[in-house]
Amino acid sequence: MKVLISRNELLDAVSAVSSIIPARSTQPVLANILISTGEDKLTLTGTDREQSLFINIPAEVEEPGSIAVGAKMLSDVIRAMDDADIRLETDDLHLNLLQGRHRIKLPGVSPQDFPEAEIVSAPTVVFTLPTSSLVEYLDLTTYAMSTYAARPSLAGLLCQFFPEELRMVATDGHKLALLKKPHTFELEEKLELFIPERAATRISSLISKTVADEVEIAAGNGAAQFSADNFRFQTKLISEKFPDYERVIPTDNDKIMIADKEELIKCVKLMTIIANKLTSQIKFTLSKGSLELFAQDLDTGSEGTDVISVDYDGEPLEIGFNGKMLLNLLEHIPAENVRFAMLNPTTACIVEPLPQPEEYKYLSLIMPIRI
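Presented here is a report on the structure given in the accompanying data block. (Residues numbered from 1 in each chain as written. Predicted model: local features only at pLDDT ≥ 70, side-chain atom pairs only at ≥ 80, totals over all residues. Heavy atoms only, no water.)

### Some remarks on the overall build of the protein
Step number 1: In terms of helices and strands, the protein carries seven helices and 26 strands.
Step number 2: The buried share among the 371 residues of the protein stands at 51%.
Step number 3: In the protein, of all internal contacts separated by at least 6 residues, the share reaching a separation of at least 24 is 66%.
Step number 4: Looking at the protein as shown, the accessible area adds up to about 18,000 Å², and 48% of this sits on carbon and sulfur atoms.
Step number 5: The positive charge centre, built from 35 side chains, and the negative charge centre, built from 55, are 5 Å apart in the protein. (Helix = DSSP H or I, 4+ residues; strand = E, 2+ residues; numbered from the N terminus. Buried < 20%, exposed > 50% of the residue type's maximum accessible area, 1.4 Å probe, protein only. Contact = heavy atoms within 4.5 Å. Areas by Shrake-Rupley, 256 points an atom, 1.4 Å probe, with all protein chains shown as cover. Lys, Arg positive; Asp, Glu negative; His and termini not counted. Charge placed at Lys NZ, Arg CZ, Asp CG, Glu CD.)

### Comments concerning the packing of aromatic side chains
Step number 1: Here the structure, examined in full by the defined rule, presents nine aromatic pairs.
Step number 2: Taking the ring centre of phenylalanine 54 as reference, the NZ or CZ of arginine 232 above it sits at 4.1 Å. (Phe/Tyr/Trp six-rings, centres within 6.5 Å; stacked < 30°, edge-to-face > 60°. Lys NZ or Arg CZ within 6 Å of the ring centre and 35° of its normal.)

### Points about the pattern of salt bridges
Step number 1: In the structure shown here, the tally under the stated rule is 16 salt bridges.
Step number 2: As a salt-bridge pair, arginine 87 and glutamate 62 come within 2.6 Å of each other at their nearest N and O atoms. Placement of arginine 87 in strand S7 (residues 86–91) and of glutamate 62 in strand S5 (residues 60–63) is noted, with a sequence separation of 25 residues between them.
Step number 3: With relative accessibility at 45%, the residue glutamate 62 sits in the partly exposed group.
Step number 4: Among the ionic contacts, a cluster of salt bridges with common partners joins Glu62, Arg87 and Glu89. (Salt bridge = Lys/Arg side-chain N within 4 Å of Asp/Glu carboxyl O.)

### Some points on helix H4 (residues 197–209)
Step number 1: Relative to the 18 Å expected for 13 residues at 1.5 Å per residue, H4 spans 19 Å between its end C-alpha atoms, a close match to the ideal helical length.
Step number 2: Residues of H4 that are buried: Ala199, Ala200, Arg202, Ile203, Ser204, Leu206 and Ile207. (Expected span 1.5 Å × (residues − 1).)

### Details of empty space enclosed by the protein
Step number 1: Taken as a whole, this structure holds one cavity of 30 Å³ or more when the rule is applied.
Step number 2: Considered as a void within the structure, the largest cavity measures approximately 50 Å³ in volume.
Step number 3: Every residue lining the largest cavity is listed: Leu134, Leu138, Leu157, Cys159, Phe161, Met168, Ile195, Ala200, Ile203, Ile217 and Phe226.
Step number 4: Of all the elements in the fold, those that place two or more residues in the lining of the largest cavity are helix H3 (131–142), strand S11 (156–162) and H4. (1 Å grid on protein atoms, 1.4 Å probe; cavity = no way out; pocket = protein on both sides within 12 Å on 5 of 7 lines; lining within 4 Å. Points joined across faces, edges and corners; volume = space filled by probe spheres on them.)

### Looking at the nonpolar core
Step number 1: One finds Leu42, Phe161, Leu264, Phe284 and Phe340 to be the most contacted residues of the largest nonpolar core, which totals 103 residues.
Step number 2: With six residues, helix H1 (residues 7–18) is the single largest residue contributor to this core.
Step number 3: Here phenylalanine 284 is in contact with Met257, Leu264, Leu291, Glu292, Leu293, Leu317, Glu318, Ile319, Phe321, Leu326 and Phe340, once residues within four sequence places are set aside.
Step number 4: In this structure, Leu176, Ile249, Ala341 and Leu365 belong to the second largest nonpolar core, which totals 13 residues. (Core = buried A, V, L, I, M, F, W, Y, C linked by side-chain atoms within 4.5 Å.)

### Side note on the sheet that holds strand S23 (residues 317–322)
Step number 1: The strand order across the open sheet formed by four strands is S21-S20-S19-S23, and the pairing between neighbours is antiparallel. Whereas interior strands pair on both sides, the edge strands pair on one side only; in this sheet they are strand S21 (302–309) and S23. Looking at each pair of strands side by side, their axes are set apart by 20 degrees on average, direction ignored.
Step number 2: With respect to the sheet, helix H6 (residues 261–274) is in contact with strand S19 (281–287), strand S20 (290–297) and S21, its orientation differing from that of S21 by roughly 170 degrees.
Step number 3: Contacts from helix H7 (residues 323–330) reach S19 and S23 within the one sheet, and its direction differs from that of S23 by about 85 degrees. (Pairing = 2+ DSSP bridges. Axes fitted to C-alpha atoms, helices over the stretch in contact; angles between N-to-C directions.)

### As for the packing of H6 against H7
Step number 1: Packing of H6 against H7 brings their axes to within 9 Å, and their N-to-C directions diverge by 155 degrees. Taken together, H6 and H7 sit at an angle that is classed as roughly antiparallel. At the point where H6 passes H7, the crossing takes the left-handed sense. Of H7, the residues touching H6 (which contributes Lys261, Leu264, Ile265, Val268, Lys269 and Thr272) are Gly323, Lys324, Leu326, Leu327 and Leu330. (Parallel < 35°, antiparallel > 145°, perpendicular 65-115°, else oblique. Left-handed = near helix turned anticlockwise from the far one by under 90°.)

### Concerning the pairing of strand S10 (residues 125–130)
Step number 1: Taking every second residue as pointing to the same face, the buried face of S10 carries Val125, Phe127 and Leu129, while none of Val126, Thr128 and Pro130 on the other face is buried.
Step number 2: In this sheet, strand S15 (residues 214–220) lies alongside S10 in antiparallel orientation, the contact comprising six bridges. Each bridged residue has a counterpart across the sheet, and for valine 125 the counterpart in S15 is alanine 219.

### What about unusual backbone geometry?
Step number 1: Here leucine 354 and proline 355 are connected by a cis peptide whose omega angle stands at 0 degrees.
Step number 2: Structurally, proline 355 can be placed in the loop between strand S25 (349–354) and strand S26 (361–366).
Step number 3: In this model, arginine 49 sits at a positive phi of 75 degrees, which is unusual for a non-glycine residue.
Step number 4: By relative accessible area, which is 37% here, arginine 49 ends up partly exposed.
Step number 5: Phi angles above zero are rare outside glycine, and aspartate 92 is one such case at about 55 degrees.
Step number 6: You can see aspartate 92 is positioned in the loop between S7 and strand S8 (94–99).
Step number 7: Aspartate 92 sits in the exposed class, given a relative accessible area of 71%.

### Some points on H1
Step number 1: Taking 1.5 Å of rise per residue, twelve residues should cover 16 Å, and H1 covers 16 Å from first to last C-alpha, within 8% of that figure.
Step number 2: All of the buried residues in H1 are Arg7, Leu10, Leu11, Ala13, Val14, Ala16 and Val17.
Step number 3: Capping of H1 at its N-terminal end is provided by serine 6; its side-chain oxygen lies 3.4 Å from the backbone amide nitrogen of asparagine 8. (Polar contact = N/O pair within 3.5 Å; in protein donor to acceptor, adjacent residues only side chain to side chain.)

### Overview of the pairing of S11
Looking down a regular strand, the side chains alternate between one sheet face and the other.
Step number 1: Most of S11 is tucked away: six of the seven residues are buried.
Step number 2: In the sheet, S11 pairs with strand S14 (residues 191–196) via six bridges, with the strands oriented antiparallel. Bridged to glutamine 160 within S14 is glutamate 192.
Step number 3: The pairing of S11 with strand S12 (residues 165–171) spans five bridges and is antiparallel. If you follow phenylalanine 161 over to S12, its bridge partner there is leucine 166.
Step number 4: The antiparallel hairpin formed by S11 and S12 contains two residues in its connecting segment.

Pasting the structure below:
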């Protein structure tokens, strides 16, 4: 293999692929990145057998070839080199990096010993979504995923594709985010992709950096693939059943509060600083036209209150929330005003943007905590 390539593009690609590689593994070969040539391009591949990432970068290919090289050493070497093109050459099972006075020789692994990275071998469904929309949808939902791997039925993002609608939903058992978008798909029946939390986070990061107008989504054999301009990302799907989220959304919450989102965020931030660091508890006291926020920390003796005007005409209500969780939820509301629908201090609270976005419908749930 003889290739001339941009140092910065190579570093970006190596960094992206390295994020897939497991920190610890009983299979040392997984610590490598597979480097292979194509027509006027170089393809870098990394896998942990559950997820795989393929990144293409333009290159001047003089002689084709391939080799697998340790990801960390390769990344460290490229980062320490100058900002100029790098020449890659293979010599038996070694990769030479040549740049000006720099001559680096790294040990490699035969491409035949690199594990099979293709997880989606025969997709049964293929369709596209606008990149900008998908980036927004992922941002509005992935924050609610559980990161607790011991509960796989919550540790991911559920994407549901209906013939005339797209839904994305995530929950950790304490909060929930649900997005519904009218969209026509060439499907005869519902398709569900339950994407693992780490994979959903990686997809969001990759898509947010692409310049492509659309992202292609393919699915089949318990796996999914997301592709755009220079990358393909594949992941196995969670086989556990996602909770029946429609059943947990209250239908009789009749105590409605409407508040300015940014004003409420400022108050919640302030009270969260005062609140107990373990519980982050904030108390809402609602009365006609007014919301009082209260927080205290008995361990330090600190306490605070704040009052804002809101649109509320229901019965007086006291309800508690985890301040950090509420703040995270509010920061993802895509509107200037926020609508709370509550019933009592123990029933899940529905939080929605006001007005709803024109392109989709969005809601969040948050469980109150005992005052």
